[in-house]
Amino acid sequence: MKTMIKNGIVYQNGKFESLDILFEGHKITQIGKDISIKADETIDAAGKHVLPGLVDIHCHLRDPGFTYKEDIISGTKAAARGGFTTVCAMPNTDPVVDNIATVEFIQRRAKDLGFCKVKVIGAITKQIEGKEISEMASMKEGGIIAISDDGNCVQNGKLMMNCMKYAANFHLPVIIHAEDYNFAGKGQIHSGKAASQLGLSGIPAIAEEVIIARDIMLAESTKARLHVAHVSSARSLELIKQAKDKGLPVSCEVTPHHLLLNEMATITFDTNTKCKPPLRSEKDRLALLEGLKSGLIDCIATDHAPHADYEKELEFDKAPFGINGFEAAFASLYTHLVIPGHLSLERLIEALTSAPAQLFSLNAGVLEEGATADLVIADLHQTITLTADNMLSKAKNTPWIDKELKGKMLSTFCEGRITWQA
Amino acid sequence: MSNTFHFINRSMFDLDDYSADEIMFILEAAQGMKEINLREYKKIPTLRGKTVCTLFIENSTRTRMSFELAASRLSADVVSFQESTSALSKGESLQDTVYTLNAMGIDLYVIRHSSPGSPQLVNKYSGKPVINGGDGRHAHPTQALLDIFSIWERLHSLKGLKITIVGDILNSRVVRSNLIGMKKLGAHVTVCGPRTLMPGHMEEVYGCKVEYDLKTALKDADCVMGLRMQLERQTEGLFPSLEEYTKHYVLSKDTIKWAKKDALIMHPGPMNRGVEILPEIADSSQSIITEQVANGVAVRMALLFLILGGKA
């Protein structure tokens, strides 16, 4: 079956151009002006943007083990609605993804039931407990793209060194959730103005920074490829810049919420703003935005972290950390960064498509002839309002709930198959 | 007494939602209530038929008694819910507890809880007015009101006064609420304690002064408040010993000399005599510590009266 998308504003090689796209089965066969081949189905995309399917290298699908929060079906449906065609799932499930059987289980479920492609990230340590190296080489044979103990952080530097050496041996990128537990303590939000005002315990930025500094040093000595997840502070960026300037294989991502919100978002005790690392100061937020613009920050990742209503509807210090990310990611960033002129649309799309795909050598994120037909048709003039009733994720824990945003994904195609239609 | 401000069914989470005029109105109402507490028969029928629930998820005998006395003296029915005997220890969520209590027909909740922001949750789940009786390290607005009332009654105005609060600022909800309320009424507040017990951004957030040296902090103070110093902070690595703390931050005859002559001495209680304050000061003629306790009942009566729309 041939599908033609006519006259869309197509994002290709960092630019927008009015083009037609023809795809056949799961491959893009032609991109050009006024393609005259007759298709089985033709979609008029005049005035609409046609983007590569978005790529998220950091999410929690909660399956297996926590399917009351999210499962592979609801999670990938939500991802497709947000324009994502490839997502990478973190291993903190139950059982933990620290063995090849669980890797294969998730991949099979995603293949059979999913609404987007799911890549699996394996654990650095068994049970993500920070005690013993996981069977990462076997998991790599099973298909993992990287390793991470996300949600947890290996506190023992010597063990981390060994994990990184071992990962380097099998060419696995190491993704770190940088958090020194002694500094973080029982902290709830950033150690800053809001914490002083609300009487909540703080998580100082140094909790993240010392681990980033440590792991950059370890990357240098072990030759492991290091990726810093959800970077949140200005000083973390300074450390990453030093490492990059030195030519070390270090990259990092930023979440939409750290780009859009600061610590003051928490002032109403809204547990939907409670996340790790915490929303930091405005100064940090502005540094992150600059970092994204300059390329110091490689890409955007949602850290989609669904939690059930009844878990978030608790006292602030009892509610779990995490923000639901897929459905609001593009629209919130487009509305609050691109429209006011803080970020170009081109950079936003790059940071959500080709940039993350390249980091982990995912075959995704570009529109070109011969590429997989992963694409989205978006109407940047239309608005969306996510509500508890219309969200596709099982969980509703987003600070953007009930808020009108611009930028609507009209349809998402994953491998040529339609996975979302507004 | 005319209720020209809109107090009816309004919660008190902290003093920041109340204007200076509204705070003054509460103080004036409290003065009326204080008179009732001096009568032989300390009861008026104004809140007859109303039910107040004291929901104490964290233990506090004094504050709970003060609220319960206040409600009883206005003839409201009082039910008390305490953590130790409650369903919460059986794993029930705060939300379900509130739904359960609400079904019994509660008109107003007073909550004490270790989690900041929990009064807002109780209000959200119950739809009823909530008075914050202390939420973690966040706020304790009725304590601040009674502190402010006690100063106001003695010195007639807070405008231009220098008030110094000494001790564990980091862990004190009393300080946070007092900083908001005292500033609204025009006082200049200085907070003093060791750096490890001082939260960041205090000047920026509260417009107060921060001093680490007791002598500097007490200079020209009209009013000095000591805070309870808890031994557990020592195990948290925040200071080495009570002895060393006392040496540098105790309110004593010797140190209080640095304040104005006849400066008022206050303490929200319970006191650690010999740690943050010496008996020679706590029991001196300058001390209004027991007055604070008496005023607490009056202030809470005023607040309950105003929120539940009592008839004068």
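Every chain is numbered independently, its residues counted from 1 as its sequence is written. To read the labels, note that chains go from A and ligands from 1, taken in the order they are written. Only residues with pLDDT of at least 70 are given local features in this predicted model, and only at 80 or more are side-chain atom pairs given and counted; all residues enter the totals for whole chains, interfaces and linings.

## A short note on the nonpolar core
Generally speaking, soluble globular proteins have nonpolar side chains that are buried together. All names here are of chain A. This is how it is decided: What makes a nonpolar core is a set of buried Ala, Val, Leu, Ile, Met, Phe, Trp, Tyr and Cys residues, with links drawn between C-beta atoms within 7 Å. Partly exposed residues are those falling between the two cut-offs: more than 12 but fewer than 20 other C-beta atoms within 10 Å of their own, whereas 20 or more means buried and 12 or fewer means exposed, with C-beta atoms placed from the backbone. What counts as a helix is a DSSP run of H or I of at least four residues, what counts as a strand is a run of E of at least two, and both are numbered from the N terminus. Those domain boundaries reflect an automatic or database domain assignment. By definition, residue pairs are in contact when their C-beta atoms, positioned from the backbone, come within 7 Å.
Within the largest apolar cluster, 121 residues are counted, with the highest numbers of intra-cluster contacts made by Ile-21, Ala-89, Ile-147, Val-174 and Ile-240. The greatest single-element share of this core, amounting to nine residues, is contributed by helix H12 (residues 326-338). Per-domain counts for this core show at least three residues from each of domain 1 (2-49 + 373-391 + 402-421) and domain 2 (53-359). When near neighbours in sequence (up to four residues on either side) are disregarded, Ile-240 contacts Ile-212, Val-228, Val-231, Val-250, Cys-252 and Leu-296.

## Topic: the sheet that holds strand E3 (residues 108-113) of chain B
Through backbone hydrogen bonds, the strands of a sheet pair up, either in parallel or in antiparallel fashion. All names here are of chain B. Here is the rule we go by: At least two bridges found by DSSP between two strands are what make those strands a pair. Each axis is a line fitted through C-alpha atoms, taken for helices only over the stretch in contact, and angles between the N-to-C directions span 0 to 180 degrees.
Pairing in this open sheet of four strands is parallel, and the strands run E2-E1-E3-E4 from one edge to the other. Whereas interior strands pair on both sides, the edge strands pair on one side only; in this sheet they are strand E2 (77-82) and strand E4 (130-135). Pairs of neighbouring strands in the sheet enclose a mean axial angle of 15°, with direction left out of account. As defined by bridge partners, E3 adjoins E4 across four bridges and the pair is classed as parallel. Counted as the bridge partner of Tyr-109 is Val-130 from E4.

## Description of the interface of chain A and chain B
Note the following rule: Think of it as three bins: nonpolar holds Ala, Val, Leu, Ile, Met, Phe, Trp, Tyr, Cys and Pro, charged holds Asp, Glu, Lys and Arg, and polar takes everything else, Gly as well.
Listed by partner, the interface residues are 16 residues for chain A and 21 residues for chain B. For the side of chain A that touches chain B, the leading source of residues is helix H6 (residues 193-198) of chain A, giving four residues. Across the side of chain A that touches chain B, the residue classes tally to six nonpolar, five polar and five charged.

## Examining the domain arrangement of chain B
Residues and elements named next belong to chain B. The domain boundaries assigned to chain B delineate domain 1 (15-139 + 293-307) and domain 2 (141-288). For domain 1 versus domain 2, the separation of C-alpha centres amounts to 25 Å. Each partner contributes residues to the interface: domain 1 has 23 residues there, and domain 2 has 19 residues. Put simply, the parts of the chain that give the side of domain 1 that touches domain 2 at least two residues each are helix H1 (20-37), E4 and helix H13 (289-307). With six residues, the single largest contributor to the side of domain 1 that touches domain 2 is H13. Class assignment for the residues of the side of domain 1 that touches domain 2 results in eleven nonpolar, seven polar and five charged.

## Side note on H13(B)
Residue and element names in this part refer to chain B. Stated precisely, the cut-off is as follows: Under the convention used throughout, the expected extent of a helix is 1.5 Å for every residue step, that is, one less than its residue count. The bend reported for a residue corresponds to the angle between axes fitted to the seven residues ending at that residue and the seven starting there.
Its 19 residues give H13 an end-to-end C-alpha distance of 27 Å, which sits within 8% of 27 Å, the value for a rise of 1.5 Å per residue. Taken as a whole, H13 carries its principal kink of about 25° at Asn-295. Of all 19 residues in H13, 15 are buried; the element is thus mostly enclosed. A positive backbone phi angle near 65° is found at Gly-309, which sits one or two residues after H13.

## What about the packing of helix H1 (residues 72-81) of chain A against helix H2 (residues 100-113) of chain A?
All names here are of chain A. Rule in force here: When describing relative orientation, an angle under 35 degrees is termed roughly parallel and one over 145 degrees roughly antiparallel, while 65 to 115 degrees is termed roughly perpendicular and anything else oblique. Two helices crossing with the near one rotated counterclockwise from the far one by less than a right angle form a left-handed crossing, whereas a clockwise rotation gives a right-handed crossing.
Relative to each other, H1 and H2 sit at 60°, their axes nearing to 10 Å. It follows from the interaxial angle that H1 and H2 lie oblique. Handedness of the H1/H2 crossing: right-handed. In this structure, H1 contributes Ile-72, Ile-73 and Thr-76 to the contact, and H2 contributes Arg-109, Ala-110 and Leu-113. Taken together, the residues that form the contact of H1 with H2 break down as four nonpolar, one polar and one charged.

## A closer look at unusual backbone geometry
With an omega dihedral of 5°, the bond running from A:Asp63 to A:Pro64 counts as a cis peptide bond. Note on placement: A:Pro64 falls in the loop between strand E6 (54-59) and H1. In the Ramachandran plot, A:Gln127 falls in the positive-phi region, its phi being about 60° despite a non-glycine side chain. Along the polypeptide, A:Gln127 turns up in the loop between strand E8 (117-122) and helix H3 (136-142). Under the C-beta neighbour-count criterion, A:Gln127 is labelled partly exposed, with 17 such atoms within 10 Å. Even without a glycine there, the phi angle at B:Asp220 is positive, about 65°. Relative to the assigned elements, B:Asp220 resides in the loop between helix H8 (214-218) and strand E8 (223-226).

## Quick look at the pairing of strand E2 (residues 15-24) of chain A
All names here are of chain A. Bridging between strand E1 (residues 2-12) and E2 involves nine bridges; their strand directions are antiparallel. When the bridges of E2 are listed, Gly-8 appears paired with Leu-19. Joining the antiparallel neighbours E1 and E2 is a turn of two residues, in which Asn-13 adopts a positive phi near 50°. Bridge count for E2 against strand E3 (residues 27-32) is five bridges, and the pairing is antiparallel. Pairing of Asp-20 across the sheet is with Gly-32, part of E3.

## Observations regarding the domain arrangement of chain A
Buried accessible area, meaning the area lost when the parts come together, often serves as the stated size of an interface. Residue and element names in this part refer to chain A. Annotation of chain A at the domain level lists domain 1 (2-49 + 373-391 + 402-421) and domain 2 (53-359). Distance between the C-alpha centres of domain 1 and domain 2: 28 Å. Broken down by secondary-structure element, the contributors of at least two residues to the side of domain 1 that touches domain 2 are strand E16 (375-385), strand E17 (404-414) and strand E18 (417-421). Residue contributions to the side of domain 1 that touches domain 2 peak at six residues, all from E17. Looking at the side of domain 1 that touches domain 2, its residues break down into twelve nonpolar, four polar and two charged.

## Section: the packing of H1(B) against helix H5 (residues 141-155) of chain B
Residue and element names in this part refer to chain B. At a closest axis distance of 10 Å, the pairing of H1 and H5 adopts a crossing angle of 75°. Between H1 and H5, the angle is such that the two are roughly perpendicular. In this structure, H1 uses Ile-26, Leu-27 and Ala-30 to contact H5, whose residues at the interface are Leu-145, Ile-148, Phe-149 and Trp-152. The residue inventory of the contact of H1 with H5, partitioned by class, reads seven nonpolar, no polar and no charged.

## Some remarks on the sheet that holds E8(B)
Residues and elements named next belong to chain B. A sheet is described by the order of its strands in space; here five strands give the open sequence E7-E6-E5-E8-E9, paired in parallel fashion. Edge positions in the open sheet fall to strand E7 (209-211) and strand E9 (264-266), since each of these has one partner strand only. Sheet twist, expressed as the average angle between the axes of neighbouring strands with direction ignored, equals 20°. One ladder, built from three bridges, connects strand E6 (residues 188-192) with E7; its direction is parallel. Considered in E7, the bridge of Thr-190 is made with Lys-209.

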